[in-house]
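# Coordinate inspection notes
Given next are the chains, with one letter for each unit.
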Amino acid sequence: MKQFLFILTLCAIVFLATPLRLEQTESVKLPTAFTSEKDLRQIIDSYAKTMRIKPENAIVDSVWKAIPGYNGLTVDVEASFNRMIRDGKFDESLVVYKELPPAVRLADLPPAPIYKGNPEKPMVTFLINVAWGDEFIRPMLDVLDDHDVKVTFFLDGSWTAKTPDLVKEIYRQGHEIGNHAYSHPDLAKSSSAKTRDELRKTNEIIEKTIGVKPTWFGPPSGSFTDETIAIARDEGMLTVLWTVDTVDWKQPESNEMVNRVLSKVENGSMILMHPTKPTAEGMDRLIKGIKEKGLAIGTVSGLLSEKRIDSVEHEEFYMP
């Protein structure tokens, strides 16, 4: 309907701008040339009115808790005009768009856990929690590299202290690093002082190792309280959990695990996994299956940002 109204407006402008009358045909075509800059600007203005998408604000959902917003989209009239004026005609392939940010972002919400990205964003992320073992990390890194996929590793502080070279390798390959506490505690039963110490010590050792302070916190075993979330926010981090669990720590058969995860994955999914044998064996099939569903795979930062992603070719939208 929008396209139809736009074509009617387009035809009216051309009719008023030229003494020639268009002959009736079986289909109406977009004009290919105009007699003035004013006409071209009017055409682009009319087109812009039909192509605007409103931004979505971040919200606290009753079920999914904090959900990030999503940028809207509008035509950049001036930039589009500048690209078309040399030829003096409207060319849809030369239209320039710009994103419209939401009024409410994740950081504006009260402290709340995040389980998924915006449901309008065709993208997912892997949350790879690491608290022990390194046997399967390098094979997983190889698969991620083969597919040019960047994800987020949530690292235990004590594990980081023991394996700094591997942590540096993960980061060197372009993956994002999150905080997974220091000693894999049950934070739902932890004192506020203990929780704060766990988070601070982990941030300190990660920053010492790779020079970056995490902005995302993943509670060990998904155990937390409202106070945990508040302390993480006070330490400069938002708390993320997961939408889909591989349950790979139970050592399922890899094909079974991959099929179960793929049956649940959708826009905004955050997929929990660990450096285990079934995940290492099934990651290639998992990545291929997710991409076959038309979903991009990226970091937590990429998924939870408000930036739009309209094609998996737009790498810049989901790099850390």
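In what follows, the structure referred to is the one given above.
Attention in this report is confined to the structure presented alongside it.

The rules behind the values
- Numbers given to residues run from 1 along each chain, matching the order in which its sequence is written.
- In keeping with the model being predicted, local features are shown solely for residues with a pLDDT of at least 70 and side-chain atom pairs are shown and tallied solely at 80 or more, while totals for entire chains, interfaces and linings include all residues.
- Water and hydrogen atoms were dropped before computing side-chain values, which therefore reflect all heavy atoms in the structure.
- A 1.4 Å probe that fits into a set of points on a 1 Å grid over the protein atoms alone but cannot get out defines a cavity; an open set with protein on both sides within 12 Å along at least five of seven lines defines a pocket, and lining residues are those with an atom within 4 Å of a point.
- Grid points are joined across faces, edges and corners, and a volume is the space filled by probe spheres set on the points.
- Three residue categories are used. Nonpolar comprises Ala, Val, Leu, Ile, Met, Phe, Trp, Tyr, Cys and Pro, charged comprises Asp, Glu, Lys and Arg, and polar comprises the others, including Gly.
- Definition used for salt bridges: Asp or Glu carboxyl oxygen within 4 Å of a side-chain nitrogen of Lys or Arg.
- The helix count covers DSSP runs of H or I at least four residues long, the strand count covers runs of E at least two residues long, and both are numbered beginning at the N terminus.
- Type-normalised accessible area, obtained with a 1.4 Å probe on protein chains alone, sets the label of each residue: buried when under 20%, exposed when over 50%, and partly exposed for intermediate values.
- Any Phe, Tyr or Trp ring, taking Trp's six-membered ring, that has another such ring centre within 6.5 Å forms a pair; planes under 30 degrees apart are called stacked, those over 60 apart edge-to-face, and the others tilted.
- When DSSP finds two or more bridges between a pair of strands, those strands are recorded as paired.
- Whether two residues are in contact is decided by their heavy atoms: any pair within 4.5 Å suffices.

### Observations regarding empty space enclosed by the protein
Overall, the coordinates contain three cavities of 30 Å³ or more when judged by the stated rule. Of the volumes computed, that of the largest cavity is approximately 50 Å³. In terms of lining residues, the largest cavity is bounded by Leu-127, Asn-129, Phe-154, Gly-218, Pro-219, Gly-222, Val-240, Leu-241 and Trp-242. Its residues assigned to classes, the lining of the largest cavity comprises six nonpolar, three polar and no charged.

### A word on the pattern of salt bridges
By the definition in use, this model includes eleven salt bridges. In this structure, the salt-bridge partner of Glu-235 is Arg-196, at a minimum N-O distance of 2.7 Å. Here Glu-235 is found in the loop between helix 8 (226-234) and strand 9 (238-239), whereas its partner Arg-196 is found in helix 7 (residues 192-210), with 39 residues between them in sequence. For Glu-235, a relative accessible area of 10% translates into the label buried. Exposure remark for Arg-196: the relative accessible area of 25% places this residue in the partly exposed category. The salt bridge involving Asp-284 is made with Lys-288; its shortest N-O contact spans 3.1 Å. With a gap of four residues between them, Asp-284 and Lys-288 both fall in helix 10 (residues 277-292), about one helical turn apart. Among the residues examined, Asp-284 registers a relative accessible area of 27% and is labelled partly exposed.

### Concerning the packing of aromatic side chains
Tallying each qualifying case throughout the model produces two aromatic pairs. Ring plane angle 55 degrees and centroid distance 5.2 Å describe the contact between Tyr-47 and Phe-90, whose orientation is recorded as tilted. Of the two residues, Tyr-47 is situated in helix 2 (residues 37-50) and Phe-90 in the loop between helix 3 (77-84) and strand 4 (97-100); the sequence distance between them amounts to 43 residues. Here Tyr-47 matches Phe-90 in class, with each residue buried. Geometrically, the ring pair formed by Trp-64 and Tyr-115 is edge-to-face, given 6.4 Å between the ring centres and 65 degrees between the ring planes.

### As for the pairing of strand 11 (residues 270-273)
Here strand 11 shows no split at all, with Met-270 and Leu-272 on one side and Ile-271 and Met-273 on the other all buried. Bridging between strand 5 (residues 123-130) and strand 11 involves four bridges; their strand directions are parallel. Within strand 11, the residue paired with Leu-127 across the bridge is Leu-272. Looking at chain direction, strand 10 (residues 244-245) and strand 11 are connected through two bridges and run parallel. Within strand 11, the residue paired with Val-244 across the bridge is Ile-271.

### Remarks on the environment of Val-247
Looking at the element boundaries, Val-247 is found in the loop between strand 10 and helix 9 (254-264). Put simply, Val-247 and Thr-279 are 32 residues apart on the chain and 9.6 Å apart in space, counted from C-alpha to C-alpha. With sequence-adjacent residues up to four places away left out, Val-247 is seen in contact with Pro-252 and Arg-260.

### Let's talk about the environment of Met-270
Counting through the fold element by element, Met-270 comes out in strand 11. The class for Met-270 is buried, based on a relative accessible area of 0%. Along the backbone, Met-270 and Ile-114 are 156 residues apart, and their C-alpha atoms lie at a distance of 9.5 Å. In this structure, Met-270 is in contact with Ile-114, Tyr-115, Lys-116, Thr-125, Leu-127, Val-240, Leu-241, Trp-242, Thr-243, Val-244, Leu-303 and Leu-304, ignoring residues within four places of it in sequence.

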